[in-house]
Amino acid sequence: MRTRVPIEQHENYETTADALLAVETPSQTGALWLALLVVLFWLSILGHEGAHFGVGALVYTPEELRSGVLRAGSQLLAVGAGPVFTILLLGGSVLGVRSSRSRSSKLVWSSLVASAASRIAIVGPGTLLGTAVNDERTVGRIIGWPPSLLWSGEAVVATLGVLYVLRAWPRGMRQRVAQWLVVTIVIGWVTTLVIGPLLGLPI
């Protein structure tokens with residue numbers, strides 16, 4: 001059975017991220033990092049939804065909002081803002097991973113890449129099967145493109161981003177990084193799907 005070693009005993013660790021990714025993770029360090037990564041996940045989701053609301057506030061006219069009859073151009077900008085934000089977040093975070101000088105900052109950027117990629121992954125089945133009402137299907141309907149094609153493009157970008165992030169870590173750390181990111185994504189989506197509707201978010 002692995003024992004928990006206090007953080008102050010990890011004299012060879014340069015950062016708390018090093019302690020987090022060690023075989024024997026100090027419980028306090030693990031809890032703090034997990035909380036931070038879940039918060040970052042939530043921020044990525046809120047940013048996606050905030051892009052919808054922000055652009056919608058700019059392009060929808062009062063008449064559209066009152067009647068509920070939306071112009072195709074306005075709806076395209078407002079609905080498309082969410083996926084555009086997610087793709088930009090993913091790409092910007094990949095650049096963050098590339099330029100990181102410490103493992104702590106690299107882990108933060110890596111979690112944002114994983115968060116953005118997970119949003120693309122979770123809407124995949126509904127988009128491909130045509131059973132969901134989501135951004136990709138709405139945008140596809142407006143511009144006349146197959147939603148599956150739009151999602152496939154997003155999925156390619158997300159896959160390349162995740163692969164780049166994993167390869168950016170030393171080989172001996174990749175498994176631990178992947179484990180922490182998966183745990184973060186699972187907790188993030190569970191809390192999002194439970195708490196999001198209570199806050200009125202159209203998750």
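Residues numbered from 1 in each chain as written. Predicted model: local features only at pLDDT ≥ 70, side-chain atom pairs only at ≥ 80, totals over all residues. Heavy atoms only, no water.

Before going further, it helps to examine the overall build of the chain. Counting its regular elements, the chain contains nine helices and zero strands. The buried share of the chain, taken over its 203 residues, is 44%. Nonlocal contacts in the chain, meaning residues at least 24 apart in sequence, comprise 63% of its contacts between residues at least 6 apart. (Helix = DSSP H or I, 4+ residues; strand = E, 2+ residues; numbered from the N terminus. Buried < 20%, exposed > 50% of the residue type's maximum accessible area, 1.4 Å probe, protein only. Contact = heavy atoms within 4.5 Å.)

What follows concerns the packing of helix α4 (residues 72-99) against helix α5 (residues 103-122). As a packed pair, α4 and α5 sit with axes 8 Å apart at the nearest point and diverge in direction by 155 degrees. When the interaxial angle is binned, α4 and α5 end up roughly antiparallel. Here α4 and α5 pass one another in a crossing that is left-handed. Contacts from T86, I87, L89, L90, G92, S93, V94, G96 and V97 of α4 reach α5 at K106, W109, S110, L112, V113, A116, A117, R119 and I120. When grouped by side-chain class, the residues that make up the contact of α4 with α5 number 11 nonpolar, five polar and two charged. (Axes fitted to C-alpha atoms, helices over the stretch in contact; angles between N-to-C directions. Parallel < 35°, antiparallel > 145°, perpendicular 65-115°, else oblique. Left-handed = near helix turned anticlockwise from the far one by under 90°. Nonpolar A, V, L, I, M, F, W, Y, C, P; charged D, E, K, R; others polar.)

On inspection of all chains with the given rule, the structure shows one aromatic pair. Between the aromatic rings of F41 and W189, the centroid separation amounts to 5.3 Å while the plane-to-plane angle is 75 degrees, which identifies the pairing as edge-to-face. Residue F41 is found in helix α2 (residues 27-59), and its partner W189 is found in helix α9 (residues 174-198); the two are separated by 148 residues along the sequence. The residue whose ring lies beneath K106 is W169, and the NZ or CZ to ring-centre distance is 5.3 Å. (Phe/Tyr/Trp six-rings, centres within 6.5 Å; stacked < 30°, edge-to-face > 60°. Lys NZ or Arg CZ within 6 Å of the ring centre and 35° of its normal.)

So, about empty space enclosed by the protein. For the structure on display, the rule yields one cavity of 30 Å³ or more. The volume enclosed by the largest cavity comes to roughly 30 Å³. Forming the walls of the largest cavity are S44, I45, H48, T86, L89, S115, A116 and R119. For the lining of the largest cavity, the secondary-structure elements that each account for two or more residues are α2, α4 and α5. (1 Å grid on protein atoms, 1.4 Å probe; cavity = no way out; pocket = protein on both sides within 12 Å on 5 of 7 lines; lining within 4 Å. Points joined across faces, edges and corners; volume = space filled by probe spheres on them.)

Once that is clear, we can look at helix α7 (residues 135-143). Inspection of α7 places D135, E136, T138, V139 and G140 among the buried residues, and these make up the whole buried set. The residue sitting at the N-terminus of α7 and contributing the capping side-chain oxygen is N134; that oxygen lies 3.2 Å from the backbone nitrogen of E136. The positive-phi residue at the C-terminal boundary of α7 is G144, with phi of around 80 degrees. (Polar contact = N/O pair within 3.5 Å; in protein donor to acceptor, adjacent residues only side chain to side chain.)

Tracing the sequence through the fold places G73 in helix α4. Assessed through its relative accessible area of 44%, G73 is described here as partly exposed. Along the primary structure G73 and I143 are separated by 70 residues, whereas in three dimensions their C-alpha atoms are 9.5 Å apart.

Under the definition given, this model contains four salt bridges. With a closest N to O distance of 3.2 Å, E64 and R71 form a salt bridge. With a relative accessible area of 4%, E64 lands in the buried category. A salt bridge links R119 to D135; its shortest N-O distance comes to 3.3 Å. Of this pair, R119 sits in helix α5 while D135 sits in helix α7, and the two are 16 residues apart along the sequence. Connected through shared salt-bridge partners, R119, D135 and E136 make up one network. (Salt bridge = Lys/Arg side-chain N within 4 Å of Asp/Glu carboxyl O.)

Further remarks concern helix α8 (residues 147-168). With 22 residues, α8 ought to run about 32 Å at 1.5 Å a step, and its terminal C-alpha atoms sit 32 Å apart, in line with that. All buried positions along α8 are accounted for by P147, L150, W151, E154, A155, A158, G161 and V165. Projection of α8 onto a plane perpendicular to its axis shows the buried side chains occupying an angular sector of 135 degrees, all on one side. Residues of α8 that are exposed and point over 90 degrees away from its buried face: L149, L160 and R167. (Expected span 1.5 Å × (residues − 1). Arc of directions from axis to C-beta.)

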